[in-house]
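Chains, contacts and geometry: an overview
Here's the letter readout for the chains.
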Amino acid sequence: MTAISIPGPPGPPGAPGLPGHSSGVSESSTPSALFLCYPSLNTTEKHFQAVQHWSEFVCKVSSVGVVNVCHCPQLHLVALNSPQTGAMRGIRGADFMCFTQAQAIGMKGTFRAFLSARLQDLQSIVRKADRDILPIVNLKDEVLFDSWDAIFNDGRMKDGVPIYSFDGRDVLNDSAWPEKTMWHGSTSSGQRHVDSFCETWRVADRALTGMASPLQGGGLLQQSSSSCSSSYIVLCIENSYITDTGGGFI
């Protein structure tokens, strides 16, 4: 006689899983939820294809249930922890300050100074494939600009979104930065500004000038020629997206 196996009633639902990190993570059982990574971007065919591509690397299936966990690709824009004169030991010195301060708080990306120099146009710092897709966010993953390219198309920061230093201070509301102006050494379109970058960011001579931008208006590339002896905000940009799993660049 053949035994007949009859399934029993379903068991009670399991306990809910641990909550995910609140920054840069969204959960859903549908691929369309990937667009939650980019609430301010238009969901054009180009963006759809890009998000599909990234999902192969950064969206995982949970071991409990079927839940897509999406770690959204984005690039961070963060200020150095103190204002700087035009004497930053060159563009390499400025880049090194960005690198070391990012490393000190455990950020994995490669950070470079938001500056043009004699052999460097600011607009080209971010990898070309990432310039019109990845949102630019602050230290707390709040969107500042929809994309890198938006900064150079007369873009303005999102209202009410602060720029933080690596140690977590709001540079526009903290007394450590008495001058609410930032160095950039660039034209309004992100090219190097001839002779307006403090001798490639090596001198703090009062007689020399560098191009800077007052930040109260929300733009990063306003044109204000300033003495290299001034102490201004210096921003650092994460120039390529890196996966949380350490798998390298996307």
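Under an unreviewed UniProt entry, the name given to the chain is Collagenase NC10/endostatin domain-containing protein, and the organism recorded is Acanthochromis polyacanthus.

Phe114, Trp148, Ile151, Leu220 and Leu235 are the most contacted members of the largest nonpolar core, which has 27 residues in total. Residue assignment for this core shows that the elements contributing at least two residues are strand E4 (75-79), strand E7 (143-145), helix H3 (148-151) and strand E11 (235-238). Considering every element that reaches this core, the biggest residue donor is E4, with three residues. If we ignore the near neighbours within four places in the chain, the residues touching Trp148 are Phe114, Leu122, Gln123, Val126, Arg131, Leu134, Ile136 and Ile237. The next biggest cluster of nonpolar side chains, apart from the first, holds 23 residues, and it includes Cys98, Phe166, Cys198 and Ala212.

The next point concerns the state of the cysteines. A full pass over the atoms with the stated rule returns two disulfides. Two residues share a disulfide in this structure: Cys98 and Cys236, whose sulfurs sit 2.0 Å from each other. The sign of the S-S torsion, about -75 degrees, decides the handedness of the disulfide formed by Cys98 and Cys236: left-handed. Separated by 138 residues along the polypeptide, Cys98 in helix H2 (residues 90-104) and Cys236 in strand E11 bring together distant segments of the chain. The class of Cys98 is buried, set by a relative accessible area of 0%. Residue classification places Cys236 among the buried residues on the basis of a relative accessible area of 0%. Bridging Cys198 to Cys228, the disulfide has an S-S length of 2.1 Å.

Applying the stated rule across the entire model yields five aromatic pairs. With centroids separated by 5.6 Å and ring planes inclined at 80 degrees, the aromatic side chains of Phe111 and Phe166 adopt a geometry described as edge-to-face. Pair noted here: Phe111 is in strand E5 (residues 111-113) and Phe166 is in the loop between H3 and strand E8 (181-183), with a separation of 55 residues, a long-range link. Neither Phe111 nor Phe166 differs from the other in exposure class; each is buried.

What counts, and where the lines are drawn
Residues numbered from 1 in each chain as written. Predicted model: local features only at pLDDT ≥ 70, side-chain atom pairs only at ≥ 80, totals over all residues. Heavy atoms only, no water. Core = buried A, V, L, I, M, F, W, Y, C linked by side-chain atoms within 4.5 Å. Buried < 20%, exposed > 50% of the residue type's maximum accessible area, 1.4 Å probe, protein only. Helix = DSSP H or I, 4+ residues; strand = E, 2+ residues; numbered from the N terminus. Contact = heavy atoms within 4.5 Å. Disulfide = S-S within 2.5 Å. Phe/Tyr/Trp six-rings, centres within 6.5 Å; stacked < 30°, edge-to-face > 60°.

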